[in-house]
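Examination of the molecular architecture
This is what each chain is made of:
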Amino acid sequence: MREREFERLYLQSYGTVYGFVRARMASDADAEDVVSEAFIKAARSFASFNPSRAKFGTWVTAIAKNCMISHFRRDRPTTPIDEVSERAFAVSGGQEAVDNRELVKQLLACLDDNERMFVAMKYRDGMRNVDIAAELGMNPSTVATVLAGARTKMRAKLEGSR
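Residue numbers restart at each chain and count upward from 1, following the sequence in its written direction. In keeping with the predicted nature of the model, local features appear solely for residues at pLDDT of at least 70, side-chain atom pairs appear and are counted solely at 80 or more, and the whole-chain, interface and lining totals rest on all residues. Derived side-chain values reflect all non-hydrogen atoms in the structure, with water molecules and hydrogen atoms excluded from consideration.

1. Some points on helix 1 (residues 2-22)
Our working definition: A run of H or I in DSSP counts as a helix once it spans at least four residues, and a run of E counts as a strand once it spans at least two, with each numbered from the N terminus. What a helix should span is 1.5 Å times the count of its residues minus one. What the bend at a residue measures is the angle between two axes, fitted to the seven residues ending there and to the seven starting there. Burial here depends on accessible area, computed with a 1.4 Å probe over protein chains only, as a share of the maximum for the residue type. Under 20% is buried, over 50% is exposed, and the range in between is partly exposed. In this analysis, two residues are considered to be in contact whenever any of their non-hydrogen atoms come within 4.5 Å of each other.
Here helix 1 is 21 residues long and its end C-alpha atoms lie 28 Å apart, about the 30 Å a rise of 1.5 Å per residue gives. Approximately 50° is the largest bend angle found in helix 1, and it occurs at Ser13. Phe6, Leu9, Ser13, Val17, Tyr18, Phe20 and Val21 are the residues of helix 1 that are buried. Here the buried face of helix 1 lies against helix 2 (28-44), helix 3 (56-74), helix 5 (113-124) and helix 6 (129-136).

2. Observations concerning helix 5
Heads up, the condition is: For the purposes of these results, a polar contact is taken to be a pair of N or O atoms within 3.5 Å, where, inside protein, one atom must be able to donate a hydrogen and its partner to accept one; residues adjacent in sequence count only when each atom of the pair is a side-chain atom.
Compared with an ideal rise of 1.5 Å per residue, which puts 12 residues at 16 Å, helix 5 spans 15 Å between its outermost C-alpha atoms and is within 8% of the ideal. Residues Asp113, Glu115, Met117, Phe118, Val119, Ala120 and Met121 constitute the buried set of helix 5. Measuring from the backbone nitrogen of Asn114 back to the side-chain oxygen at the start of helix 5 gives 3.0 Å, which picks out Asp112 as the cap. Just downstream of helix 5, Gly126 is the residue with a positive phi angle, here 70°.

3. Comments concerning the pattern of salt bridges
Keep this limit in mind: Salt bridges are counted wherever a side-chain nitrogen of Lys or Arg sits within 4 Å of a carboxyl oxygen of Asp or Glu.
With the rule as written, the count across this model stands at five salt bridges. Residue Asp28 is joined to Arg22 by a salt bridge in which the shortest nitrogen-to-oxygen separation is 2.5 Å. When its relative accessible area of 42% is taken as the criterion, Asp28 is described as partly exposed. Put simply, Asp131 and Arg128 hold a salt bridge, and the shortest N to O gap is 3.1 Å. With relative accessibility at 31%, the residue Asp131 sits in the partly exposed group.

4. Quick word on the nonpolar core
This is how the line gets drawn: For our purposes a nonpolar core is just a set of buried Ala, Val, Leu, Ile, Met, Phe, Trp, Tyr and Cys residues, chained together by side-chain atoms within 4.5 Å.
Counting 37 residues, the largest nonpolar core has Val21, Phe56, Trp59 and Phe118 as its most contacted members. Among the elements of the structure, helix 1, helix 2, helix 3, helix 5, helix 6 and helix 7 (140-160) are those that each provide at least two residues to this core. Val21 has contacts with Ala31, Val34, Val35, Ala64 and Met68, leaving out every residue within four places of it along the chain.

5. Points about the layout of surface pockets
What counts here: Throughout, the protein atoms alone are placed on a 1 Å grid, and a set of points is a cavity if a 1.4 Å probe fits but cannot get out or a pocket if it is open with protein on both sides within 12 Å along at least five of seven lines; lining residues have an atom within 4 Å of a point. Grid points are joined across faces, edges and corners, and a volume is the space filled by probe spheres set on the points.
One number sums up the size of the second largest pocket: a volume of about 170 Å³. In terms of lining, the second largest pocket is formed by Ser48, Phe49, Asn50, Arg53, Ala54, Thr58, Trp59, Ala62, Leu136 and Gly137. With three residues, the top contributor of residues to the lining of the second largest pocket is helix 3.

6. A word on the packing of aromatic side chains
When we look at a pair of aromatic rings, we describe it by the centre distance and by the angle of the planes. This is how the line gets drawn: Aromatic contacts are taken between Phe, Tyr and Trp rings whose centres are within 6.5 Å, Trp giving its six-membered ring; a plane angle under 30 degrees counts as stacked, one over 60 as edge-to-face, and the others as tilted.
Tallied over the entire structure, the rule returns 11 aromatic pairs. Ring centres of Tyr14 and Phe39 lie 5.9 Å apart, and the angle between their planes is 25°; on these two criteria the pair is classed as stacked. In this pair, Tyr14 is assigned in helix 1 and Phe39 in helix 2, connecting sequence segments 25 residues apart. What makes Tyr14 partly exposed here is its relative accessible area of 29%. Each ring, one from Phe46 and one from Phe56, has its centre 6.0 Å from the other, and the planes form 80°; the classification is edge-to-face.

Quick look at the structure:
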């Protein structure tokens, strides 16, 4: 009985969880690995899932978020810079766009993985704090606090580089 319930919930939430993960991963293959890992963990601990605390999709998304963080920690890029294709650096918008992208990379580098994820959801994905909180199953004030801390770190980094 629980297996059928899990299967039904899996089918309902897979697209949402995959979309959440894919928007934050470099490749389809990495996203599929993370989503698979998240659903395997969810299946193993499905007995502890409490629908009165969170929706299934929210619960699995939180698991997927933790799986992404683990993925980023263990799979840091290791390609030597001289092996990166020139095409990877080709961007529209001229030198100013390149400079802005480099500045954004430097500012994001001062954040931890969790803070980067919140900043991406807020500014790249255009999500409101309450939407981020709902997606991750947390309090909106926690989201606001994390984002404020991230902005403070980035501002300090920016002022230190001038």
